[in-house]
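Summary of structural features
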Amino acid sequence: MPLAYPQHACPPRPAVPDILVLAAVALLLLAGATGRLPALAVVALAGAAGCALAGTRLSQLAAAPPPAPAAQVPGRSRSARRRAVTPRCGLVLLDAAVVTAGLTAAVLPLVAAAHRWAVVGAGLAVAAVLFVAGLPPQVSPRRPAPRVRLRAAVDATAAGLGLVLAGWLLLPRDRLDPPVRLGTAVALGALALAVLLVSTGPHRRTGGARCRTGAALTLSGLVTLAALPTGAAPGRAALLAVPPLVGGVLLTAAGARRTTRADPPALPTRVWPRAVVPAVAAVAAAGWQLRDGGPPDLTAVLLVLAMAPPLVLRDLLRGDDTARSARVEVPSARPRPADPAGGPVDRPALLRALAALRDAPTLAGALLVVDLHGPGPDGRQVPADVLAEVLRRARAVVGPRDLLADVGATGFAVVTEVGPVLAYALGTRLLAALTQPYEVAGAVLRLRAGVGLAEVGNGGPEDVLRQADLARRRAVQLGRDRVEWYDAYLEEQLVRRLDLERELPGAVARGELDLVYQPVLDLADRQPVGTEALLRWRSPVLGTVLPAEFLPVAEDLDVVGELGCWVLDRACRQLAAWSSGSRQLWMAVNVTVRELAAPDFVPRTAAVLDAYGLSPDRLVVEVAEPRVGAELPTVVARLAGLRSLGVRTALDDFRAEHASLAQLRRLPIDLLKVGPQLVDPADPHRPLIDVVVNVGDRLGLDIVAEELESASLVDGARRAGCRYGQGSALARPATAERVEAYFEEFPSASR
């Protein structure tokens, strides 16, 4: 079965304009800090550069055609189809706000000192209005309970006062009037609080959240400019406005672009930054003022005193919530009595329990979905008395407040109030208990289990149940007897897996498979001696899929034999077309161990060779060495059968380990393929290639160095004694037509 030729993952291409702008801004800040450029000139140039780039991107987004309505995307759930798309008018308003901010910064060096504050104030007011009008609508979560809203307001008040205090202490006392200083501190504190709340909220990864954060940063930069003294030279203090101004406009443009995509799933709110960041900022600012020797003023003392009531009220609310949660019973969140007669609750009760946990702000909560795999072909034949014992063992492991729920014929769920780390430990204990042997009618039966874990705060009850079930499926795919934790990347992988399972059956009949060929060259004279057939799946739905991704799915769906038959037939047909003249080349075809173990593999290969009139020694069958160990006797027998036909055999991906060298004598092979790490002149494992070459010479094997991506690797392989080589530094994989044209450059090419 042909494996993918290793393609190194290409990282996403960096945004060159962003890099250039940020580099220019950094150089301008350095020039301003060293006094080589006036501070206002740095502000003007940096602000103009950042706003020009952000404005251009917002203009392009506004001019682009609107995306297709979410309802027209098939195969997605309603929640997955929902998009927070910024209207075109909103993009225009955001563009106008960014341009206004850039113009405000750009004209400062041209304005007289007496009118500078008025210009910045006007620009700040206009930009604020445009931002508020153009920001995308905020995601509307379910309205929380009044106590939750009160506690959130108290937390925000305490954090905001801490940030205002930090701004008051950091702003220069001797150059700003007290009212201006206080107003600036309040404005900066409010904007910093907005950034903190948005960046730690459950929808912080959405485009709307990024737009709001960018707008707050941009306005904070303008507020800093407005607070500058009205003297002729404001000094280096003006440079403090550059990072939030430039970063804010670029983040706004990036957020607007992200709003054209589907929103990522909601995340748990990050609580600790909301408490830690304001406190650290206030303490650091106080230390800065004490370092300058200034005594605390009356305003600072009043701000510190104003922080006390919210902090005390927050602690009282937390303590009251803890007492209420320990005192009040929620019927849907309470487990059934842990006795043999009580069965698990049904799905509606499970959903109510998840909703109750989500409404309790002091409880973390998690959901574990357990999958049981019994004896039999499909693993679903679990006797009723064994299921009863499973529930008894589960009740002995879970806590007294945990809830057992029925989610399927051979599975159940556990709702627990503990946090995710303790929930993971609970899942591990469940695995240990449920996989112990069961005695049934004098016989011993063993079950295998997989556990999926999802946090309750990741969404609504249905979302949490779906996430835990996806994690369960991942645990099953990875072999069970494990606990898998849900995350967004996991969901992407599982959705991709489902797409592959849906589209792969029938790919051969639909004509979606294709072969590309990579020449193999003699390293002594650079003449081609053969090719390797590499399978590609050109799916009209999924695009080009490499074998490394779809072969495991093919094995699970039991269609790997069908794919292998197609590849062998197509490769031999192409080899026959290339061998019609005097050119004599070999064709290498990869096979999986499962395909090689099929009883009819050797006679089927002989039939294909006879059908196309090919000499058997023109075919090379490759098998990957890491997978040989488990089926070594069968692999040896099949390779010996192929060699009896005259077909040559190869061991691919040879690892040059002690065990691999030990079993090399048992394998009837003609070619040994090694990776680039063995022939790299700079690799410390290079001495291993000398051992491999010596062993190959003694066993009569030809060494093929593969994945040669540079001239140094090619030279290293030749110097090491490898006879053949393949890789992009020699010839890239290509279609049959292009490879044939490549062969025409070597009329004397032969075996």
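Read on for a plain summary of the structure.

Procedures and definitions
- Residues numbered from 1 in each chain as written.
- Predicted model: local features only at pLDDT ≥ 70, side-chain atom pairs only at ≥ 80, totals over all residues.
- Heavy atoms only, no water.
- Helix = DSSP H or I, 4+ residues; strand = E, 2+ residues; numbered from the N terminus.
- Buried < 20%, exposed > 50% of the residue type's maximum accessible area, 1.4 Å probe, protein only.
- Areas by Shrake-Rupley, 256 points an atom, 1.4 Å probe, with all protein chains shown as cover.
- Salt bridge = Lys/Arg side-chain N within 4 Å of Asp/Glu carboxyl O.
- Pairing = 2+ DSSP bridges.
- Axes fitted to C-alpha atoms, helices over the stretch in contact; angles between N-to-C directions.
- Contact = heavy atoms within 4.5 Å.
- 1 Å grid on protein atoms, 1.4 Å probe; cavity = no way out; pocket = protein on both sides within 12 Å on 5 of 7 lines; lining within 4 Å.
- Points joined across faces, edges and corners; volume = space filled by probe spheres on them.
- Nonpolar A, V, L, I, M, F, W, Y, C, P; charged D, E, K, R; others polar.
- Core = buried A, V, L, I, M, F, W, Y, C linked by side-chain atoms within 4.5 Å.
- Polar contact = N/O pair within 3.5 Å; in protein donor to acceptor, adjacent residues only side chain to side chain.
- Parallel < 35°, antiparallel > 145°, perpendicular 65-115°, else oblique.
- Left-handed = near helix turned anticlockwise from the far one by under 90°.

**Regarding the overall build of the chain**
Looking only at helices and strands, the chain has 25 helices and 16 strands in total. Out of the 751 residues belonging to the chain, those deemed buried represent 47%. Summed over its atoms, the accessible surface of the chain is roughly 35,700 Å², and 60% of this surface lies on carbon and sulfur atoms.

**Topic: the pattern of salt bridges**
Proximity of charged atoms lets side chains of opposite charge pair with each other. Here the structure, examined in full by the defined rule, presents 25 salt bridges. Measuring nitrogen to oxygen at the nearest pair gives 2.9 Å for the salt bridge that ties R497 to E501. On the criterion of helical spacing, the pair formed by R497 and E501 is a turn pair, its members being four residues apart in helix α16 (residues 488-503). Residue classification places R497 among the buried positions, given a relative accessible area of 14%. Here D556 ties to R497 by a salt bridge, and the two come within 2.4 Å at their closest N and O atoms. Of this pair, D556 sits in helix α17 (residues 547-557) while R497 sits in helix α16, and the two are 59 residues apart along the sequence. On the basis of relative accessibility, which here comes to 54%, the residue D556 falls in the exposed class. Three or more residues are tied together by salt bridges with common partners; here these are D371, D469, R472 and R480.

**Concerning the sheet that holds strand β3 (residues 411-416)**
Ordered in space as β2-β3-β1-β6-β7, the five strands form an open sheet in which the pairing is mixed. Only two strands of the sheet have a single neighbouring strand rather than two, namely β2 (403-408) and β7 (482-485). In this sheet, neighbouring strand axes are inclined to one another by 25° on average, regardless of whether the strands run parallel or antiparallel. Inspection of the sheet shows strand β1 (residues 366-373) paired to β3 by six bridges, in the antiparallel sense. What sits directly across from D371, in β3, is G411. Lying on the sheet, helix α15 (residues 461-477) is in contact with β1, β6 (448-455) and β7; it crosses β6 at an angle near 145°.

**A short note on the layout of surface pockets**
Approximately 700 Å³ is the volume found for the second largest pocket. Together, 26 residues line the second largest pocket, and G167, L170, L171, L188 and T224 are the ones closest to its centre. Broken down by secondary-structure element, the contributors of at least two residues to the lining of the second largest pocket are α6 (146-170), α7 (178-200), α8 (207-226) and α10 (272-291). Tallying contributions element by element places α7 first for the lining of the second largest pocket, with seven residues. For the lining of the second largest pocket, a count of residues per class yields 20 nonpolar, six polar and no charged.

**Digging into the nonpolar core**
By size, the foremost hydrophobic cluster in this structure holds 77 residues, and its most contacted members are W537, L651, L667, L672 and I689. For this core, the element with the most residues is helix α18 (residues 560-578), which contributes nine residues. Residues within four places of L667 in sequence aside, it is in contact with V628, L632, V635, V636, L639 and L651. Among the nonpolar cores identified, the runner-up in size contains 45 residues, and L58, A105, V223 and L239 belong to it.

**Observations regarding the environment of R538**
Mapped onto the elements of the fold, R538 is located in strand β9 (residues 527-539). In contact with R538, other than residues within four places in its own chain, are E512, D514, V516, G543 and T544.

**Notes on the side chain of Q726**
Among the structural elements, Q726 can be located in the loop between β16 (724-725) and α25 (736-743). A polar side-chain atom of Q726 sits 2.7 Å from a polar atom in the side chain of K673.

**Side note on the packing of helix α4 (residues 88-106) against helix α5 (residues 113-134)**
With their axes 8 Å apart at the nearest point, α4 and α5 run at an angle of 165° to one another. Taken together, the axis directions place α4 and α5 in an arrangement best described as roughly antiparallel. The handedness of the crossing between α4 and α5 comes out as left-handed. Along its contact with α4, which presents G90, L93, L94, A96, A97, V98, T100 and T104, the element α5 presents V119, V120, G123, V126, A127, L130, F131, A133 and G134. For the contact of α4 with α5, the residue count by class is twelve nonpolar, five polar and no charged.

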